[in-house]
Amino acid sequence: MKKILLTTTLLATALFANPYESTPEEIAAVKATGQKTAAALLKSLGGNLQKHLKSGGPMEAFGFCSDHAYTLTEVIDQSMGSDVSVKRISLQYRNPANAPQGSEKAILESLQTLQANGVVLPEDVVEVVGDGVYKYYKPLLINKAACLKCHGDIDKLPELAKAIRERYPEDKATGYRMNDLRGAVVVTVKH
Ligand code: HEC
């Protein structure tokens, strides 16, 4: 009995308590880095998306996203130095390179559960991954009607739907509605 209790306690500790000490100052610094990095990425991706939607419509914008969104993210990632990295993740990813890794999946699922229970999601959350290693998450919502062209009911634009299915035969990133949680920007920070 004692043994079972001990095992349960150890398991609970491993699951629920974070063994790493981190000060409020450290968390604040991680948040500041995360916010700055996520903003730089979203400004670049969002700006380009808007520009291409305006100049060439959804087909041209789709070409931009499929050819450049991932590489642009990598360029920004590399420009941040070796202690900071940035990427996008989604439970329903279009690009398999954006599939969540390890604990990222559970965090996205938690955010989704919170939202399903009527919680207005926070601007960001910080995960303590290891000693001095953090992951900053900025939840990404479907916050513009334009997102729905490529992530909503894509069959409204048959030419675009065809291009999406050809390029991403395993696509999971459709069927969203306004304000749905689309994914997150993840900034890993070594502090
Ligand atoms: C013109 C089509 C198009 C529009 C509009 C669009 N996206 Fe995407 N989106 C894509 C494509 C293509 C990808 C996959 C390429 C990549 O980013 O690696 C993608 C990928 C993503 C990803 C990365 C996860 C994944 O599924 O691979 C997120 C997050 C995302 N989009 C959010 C949004 C949001 C939020 C909006 C509205 C502000 C939006 N998208 C508008 C085409 C579009």
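Residues numbered from 1 in each chain as written. Predicted model: local features only at pLDDT ≥ 70, side-chain atom pairs only at ≥ 80, totals over all residues. Heavy atoms only, no water.

Q: How would you explain the pattern of salt bridges if you had to name every residue and give the values?
A: Scanning the entire structure with this criterion turns up 8 salt bridges. We note a salt bridge from aspartate 171 to arginine 94, for which the minimum N-O separation is 2.9 Å. One end of the pair, aspartate 171, is in the loop between helix 5 (158-167) and strand 4 (181-190); the other, arginine 94, is in the loop between strand 1 (84-89) and helix 3 (103-116), and 77 residues separate them in sequence. When its relative accessible area of 11% is taken as the criterion, arginine 94 is described as buried. A single salt-bridge network, built from bridges that share partners, covers Lys87, Glu104 and Lys135. (Salt bridge = Lys/Arg side-chain N within 4 Å of Asp/Glu carboxyl O. Helix = DSSP H or I, 4+ residues; strand = E, 2+ residues; numbered from the N terminus. Buried < 20%, exposed > 50% of the residue type's maximum accessible area, 1.4 Å probe, protein only.)

Q: Hey, could you go over unusual backbone geometry for me, with residue numbers and the actual values?
A: Residues other than glycine seldom take positive phi values, yet asparagine 179 does so here, at roughly 75°. Judged by its relative accessible area of 47%, asparagine 179 is partly exposed.

Q: Can you break down the environment of aspartate 124 residue by residue, with the values?
A: Mapped onto the elements of the fold, aspartate 124 is located in the loop between helix 3 and strand 2 (125-130). Taking the relative accessible area as the measure of exposure, aspartate 124 reaches 8% and is therefore buried. Considering only alpha carbons, one finds aspartate 124 and glycine 34, 90 residues apart in sequence, at a separation of 8.8 Å. A polar contact of 3.2 Å, which involves the side chain of aspartate 124, links it to the side chain of lysine 31. Side-chain polar atoms of aspartate 124 contact the side chain of glutamine 35, separated by 3.0 Å. (Polar contact = N/O pair within 3.5 Å; in protein donor to acceptor, adjacent residues only side chain to side chain.)

Q: Report on the coordination of the iron atom of the ligand, specifying residues and quantitative values.
A: In this structure, the iron atom of the ligand receives exactly one donor atom from the protein: His151 (NE2), at 2.1 Å. If you trace the backbone, histidine 151 turns up in helix 4 (residues 145-151). (Donors = N, O, S within 2.8 Å, 3.2 Å for Na, K, Ca; no water.)

Q: I'd like a rundown of the sheet that holds strand 3 (residues 133-141), residues and numbers included.
A: With antiparallel pairing, 4 strands are arranged side by side in an open sheet as 1-4-3-2. Two strands in the sheet have a free side with no partner beyond their single neighbour: strand 1 and strand 2. On average, adjacent strands in this sheet sit at an angle of 20° to one another, irrespective of strand direction. Contacts from helix 3 reach strand 1, strand 2, strand 3 and strand 4, with the element oriented near 135° to strand 4. (Pairing = 2+ DSSP bridges. Axes fitted to C-alpha atoms, helices over the stretch in contact; angles between N-to-C directions. Contact = heavy atoms within 4.5 Å.)

Q: Can you break down the site of the ligand residue by residue, with the values?
A: Close to the ligand lie 24 residues, the nearest being Arg94, Cys147, Cys150, His151 and Arg182. Contacts to the ligand include histidine 151, whose side-chain N or O atom sits 2.9 Å from a nitrogen atom. At a separation of 2.6 Å, an oxygen atom of the ligand approaches a polar side-chain atom of arginine 182. In this structure the site holding the ligand corresponds to the largest pocket. Listed by contribution, the elements that provide at least two residues to the shell around the ligand are helix 2 (24-79), strand 3 and helix 4. (Near = heavy atom within 4 Å. 1 Å grid on protein atoms, 1.4 Å probe; cavity = no way out; pocket = protein on both sides within 12 Å on 5 of 7 lines; lining within 4 Å. Sits in = over half its atoms within 2 Å of the grid points.)

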